Every structure is written in structure tokens, then in C-alpha cells.
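Take a look at the letters that make up each chain.
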Amino acid sequence: MQAMVLHGPKQPLQMTQRPLPEPASGEVRLRVLACAVCRTDLHVIDGDLPLSVLPIVPGHEIVGEVEALGADVRSLAVGDRVGVPWLGHSCGHCAFCGAGRENLCDTPRFTGYHRDGGFATHVLAEADFCLPLADLAQEPARIAPLLCAGLIGWRSLKAAGDDARQLGIYGFGAAAHLVAQVAVAQGRTVHAFTRAGDAASQAFALSLGAAWAGSADMQPPRALDAAIIFAPAGELVPLALRAVRKGGRVVCGGIHMTDIPAFPYRLLWEERQLVSVANLTRADAREFLQVVRADPPKVHITTYALDRANEAIADLRAGRLQGAAVLVPPAPLQRSNQPKDRSP
């Protein structure tokens with residue numbers, strides 16, 4: 001197999017040849033069909049998240065085909081198409097798991113962070129944490145971003161509340177471009193906030209149904225019921241609090257954010273709320289995939305060959321993408337049943 005491997009923080013990924021891994025009990029081996037590149041991958045690669053496992057293969061928005069089964073796997077069969085998200089394992093017995101909050105498990109294992117991920121031709125995954133995708137009609141490259149950008153967007157939208165009819169979205173990247181479409185389909189009014197002068201992202205947001213788009217330091221035309229912050233910029237928190245109404249809510253949807261600057265208490269007063277969203281649950285995935293089946297969003301992607309992973313990462317870091325970057329490994333060589341030509 002081939003894998004793009006991270007050997008240390010802030011280092012480029014290195015293409016590496018490895019033996020094909022054998023699945024342990026409860027695991028499956030997948031041939032990777034596509035793996036999207038998430039901002040969390042940037043935080044792993046840049047060392048913003050402490051790296052407890054090195055070397056590591058990043059990537060946690062994986063669409064794959066089951067190629068081999070470990071012992072005791074009954075839920076999947078060879079040839080099944082499945083997705084592998086960020087949450088690769090939860091213990092199942094801590095207080096959080098017992099309360100249905102496995103996203104806060106005390107001893108989780110995350111794909112592409114604690115265990116090798118999908119920037120590779122093959123990957124191992126726990127069968128119980130694989131998501132069935134057989135009935136999704138989209139091509140694998142357009143499904144892959146749904147498995148984190150879509151899922152964390154869905155969890156963030158739920159955290160914003162059903163009463164959030166006027167919704168602000170700060171940072172219009174992969175997650176925002178998906179959740180904006182879902183929110184519009186639910187009858188919400190979406191206000192998109194981008195970097196100052198980013199006319200391309202503002203036009204992109206409007207094309208997906210946003211009613212208004214402007215820079216993050218602007219006030220929307222109406223007070224917001226809630227705002228979701230996807231950009232990893234702490235300075236957006238006071239701006240979002242300023243934009244929401246009394247009793248409104250600001251949801252921080254990223255796994256990492258720069259420090260939040262001091263701000264006057266009056267921005268939080270009048271029962272405004274500031275909450276964070278951490279990881280995801282398998283229940284989130286089941287809910288969101290049902291939404292996708294009923295009303296598929298348009299998934300905008302830029303595809304890259306596996307060996308161009310560093311280029312995809314650089315484009316994401318520089319903000320050169322509209323939608324999501326997706327790595328597509330090379331297709332396996334097909335064995336031919338035709339006799340070889342032995343003529344001189």
C-alpha cells in the first residue's frame with residue numbers, strides 16, 4: 001500500500017510504501033476510494049493538536065470499499081462501501097458514553113490522529129464505527145466531505161437550536177458550504193461572513209442560498225438568532241456575540257481556535273450563550289446521512305491525486321478553495337485474463 005505519512009509537526013507528508021495491513025478482530029481493511037482534507041488535518045500537521053502518535057497518516061473523511069474482514073465482523077461484507085469519520089473508537093462504558101455522548105468519551109481514538117487515516121490507498125477501521133454508504137448515489141469524492149465537514153456542520157446546526165431562523169455562519173469553507181444548504185432547505189435565513197474583501201467566497205455563499213454575505217466585521221441586516229463559527233479565529237467570538245440578539249447563541253464548531261480576546265461583558269449579557277461543539281457521535285452520522293438521502297446538498301470539491309496531498313493542504317491553508325479538497329488514490333491495477341503475447 002501507499003500512504004502520505006506525517007513524521008513530525010510542520011513537516012511535509014512523505015509518500016511511503018508499506019505492507020498491506022491485516023485487520024484485527026472487529027476491524028476491516030478498506031481500499032480507500034476518496035478522502036477529503038479537513039481543517040483538523042491542518043491542525044494535526046501543524047502541531048496545533050498535541051501529537052501523541054508519530055508517525056501518523058492523517059485523514060478522517062474516508063470513503064472506502066471493504067476488502068478484508070477481521071474476526072467477529074458480522075455487520076459488513078467484502079465489497080461494501082462505507083465511510084470512516086473522525087471518531088474511530090469510543091470505550092462504551094465511561095459516563096459520557098453511557099449518557100449517549102460518545103463524542104466526549106474519556107478514552108477515544110480519532111481517525112488520522114490516534115490511528116492511521118485515509119491519506120493512503122488502504123486503511124484499517126473498526127467495523128462498528130464504519131458508516132454504511134451503499135444507498136448514496138454520489139461519487140465517492142463528493143461523499144467524503146460529508147463525513148466531517150458535513151457531520152460537524154450538522155452537529156453545530158443542532159446546537160444553534162431549532163429556533164435559530166436567522167443564522168450567521170462565520171468562515172465559509174467546506175463545513176459552511178454544506179450546512180448553509182441544509183439550513184436553507186429547513187427554511188432558515190443564512191448570513192455568511194468571510195474575510196474582508198473575499199468577494200469570491202461571498203459570491204459562493206450567495207450562490208448556495210445565503211440571503212446576505214459580507215465581511216466578518218460587518219453587522220448583518222438583521223439581528224441573528226444564532227451564529228456558527230467555523231473559522232479557527234478567536235477574534236470572531238466577540239464579533240458574533242455582537243451580531244446575535246438577546247437570548248441568542250454563538251456556536252464554536254472547530255476543534256482548535258486561536259485565543260479569544262477579552263471583550264466587554266455586555267456582549268454576553270442578556271442571556272446570550274457561547275458554546276462549543278466537540279467531535280461527533282454515530283447518532284449524528286445516522287441523522288445527517290438521512291438528511292442527505294432525502295435532500296442531497298451540492299458538494300463542491302477540488303480533487304487531487306494522493307501524491308499531491310501536500311499541495312491540497314497548502315491550498316486549504318491559503319484559502320484558495322471553494323468547497324472541499326479531496327484526495328483520490330490511484331485505482332488498483334486490473335488483472336487481465338487474456339493470455340500474454342509471447343511473440344518476438
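Located above this text is the structure these notes cover.
Residues numbered from 1 in each chain as written. Predicted model: local features only at pLDDT ≥ 70, side-chain atom pairs only at ≥ 80, totals over all residues. Heavy atoms only, no water.

Enquirer: I keep staring at the overall build of the protein and nothing clicks. Help me out?
Expert: Secondary structure summary: the protein contains nine helices and 17 strands in total. Since a compact globule built from 344 residues should have a radius of gyration of about 20 Å, the 21 Å found for the protein is in line with a globular shape. Along the longest, intermediate and shortest principal axes, the C-alpha atoms of the protein span 80 × 50 × 40 Å. Taken over 344 residues, the protein has a buried fraction of 53%. For the protein, restricting intrachain contacts to residue pairs at least 6 apart in sequence, the fraction spanning at least 24 positions comes to 69%. Just so you have it, the protein exposes about 15500 Å², and 52% of that area is on carbon and sulfur atoms. Here the protein contributes 33 positively and 33 negatively charged side chains, and the mean placements of these two sets differ by 2 Å. (Helix = DSSP H or I, 4+ residues; strand = E, 2+ residues; numbered from the N terminus. Rg over C-alpha atoms; globule rule 2.2 N^0.38 Å. Buried < 20%, exposed > 50% of the residue type's maximum accessible area, 1.4 Å probe, protein only. Contact = heavy atoms within 4.5 Å. Areas by Shrake-Rupley, 256 points an atom, 1.4 Å probe, with all protein chains shown as cover. Lys, Arg positive; Asp, Glu negative; His and termini not counted. Charge placed at Lys NZ, Arg CZ, Asp CG, Glu CD.)

Enquirer: Would you mind showing me how to read helix α8 (residues 282-294) here?
Expert: Side chains that are three or four residues apart share a direction in an α-helix, a result of its 3.6 residues per turn. With 13 residues, α8 should reach 18 Å at 1.5 Å per residue; the first-to-last C-alpha distance of 19 Å fits that figure. Those residues of α8 that sit buried are Asp284, Ala285, Phe288, Leu289 and Val292. Buried residues of α8, seen end-on, are gathered within an arc of 120° and therefore sit on one face of the element. Projecting away from the buried face of α8 at angles above 90 degrees are the exposed residues Arg286 and Ala294. Lining the buried residues of α8 we find β9 (131-132), α4 (149-160) and α5 (174-185). (Expected span 1.5 Å × (residues − 1). Arc of directions from axis to C-beta.)

Enquirer: Even after reading the chapter, I still don't get the sheet that holds strand β14 (residues 244-252), so can you show me in this structure?
Expert: In a beta sheet, neighbouring strands pair by backbone hydrogen bonds and run either parallel or antiparallel. Strand order in the open sheet made by the six strands is β12-β11-β10-β13-β14-β15, with parallel pairing throughout. Whereas interior strands pair on both sides, the edge strands pair on one side only; in this sheet they are β12 (212-215) and β15 (273-276). Taken pair by pair, the neighbouring strands of this sheet meet at an average axis angle of 20°, ignoring direction. Together, β10 (166-170) and β11 (189-194) form the strand contacts of α5, whose direction differs from that of β10 by roughly 175°. (Pairing = 2+ DSSP bridges. Axes fitted to C-alpha atoms, helices over the stretch in contact; angles between N-to-C directions.)

Enquirer: Is there a simple way to explain the packing of α4 against α8 in this structure?
Expert: For any two helices packed against each other, one specifies the inter-axial angle together with the distance between the axes. Viewed as axis vectors pointing N to C, α4 and α8 meet at an angle of 100°, and their least axial separation amounts to 10 Å. Considering their axes alone, α4 and α8 lie roughly perpendicular with respect to each other. Each of Gly150, Leu151, Trp154, Arg155 and Lys158 in α4 lies in contact with α8, whose residues at this interface are Asp284, Ala285, Glu287, Phe288 and Val291. Taken together, the residues that form the contact of α4 with α8 break down as five nonpolar, one polar and four charged. (Parallel < 35°, antiparallel > 145°, perpendicular 65-115°, else oblique. Nonpolar A, V, L, I, M, F, W, Y, C, P; charged D, E, K, R; others polar.)

Enquirer: Help me understand α5, please; the structure alone is not making it clear to me.
Expert: Here α5 contains 12 residues, and its C-alpha end-to-end distance of 18 Å stays within 8% of the 16 Å for a straight helix at 1.5 Å per residue. Among the 12 residues of α5, nine are classified as buried, and the element is accordingly described as predominantly covered. Of the positions making up α5, those classed as buried are Ala175, Ala176, His177, Leu178, Val179, Ala180, Gln181, Val182 and Ala183. Along its buried surface, α5 packs onto α4, β10, β11, α6 (199-207) and α8.

Function-wise, these values are silent; they only describe arrangement.
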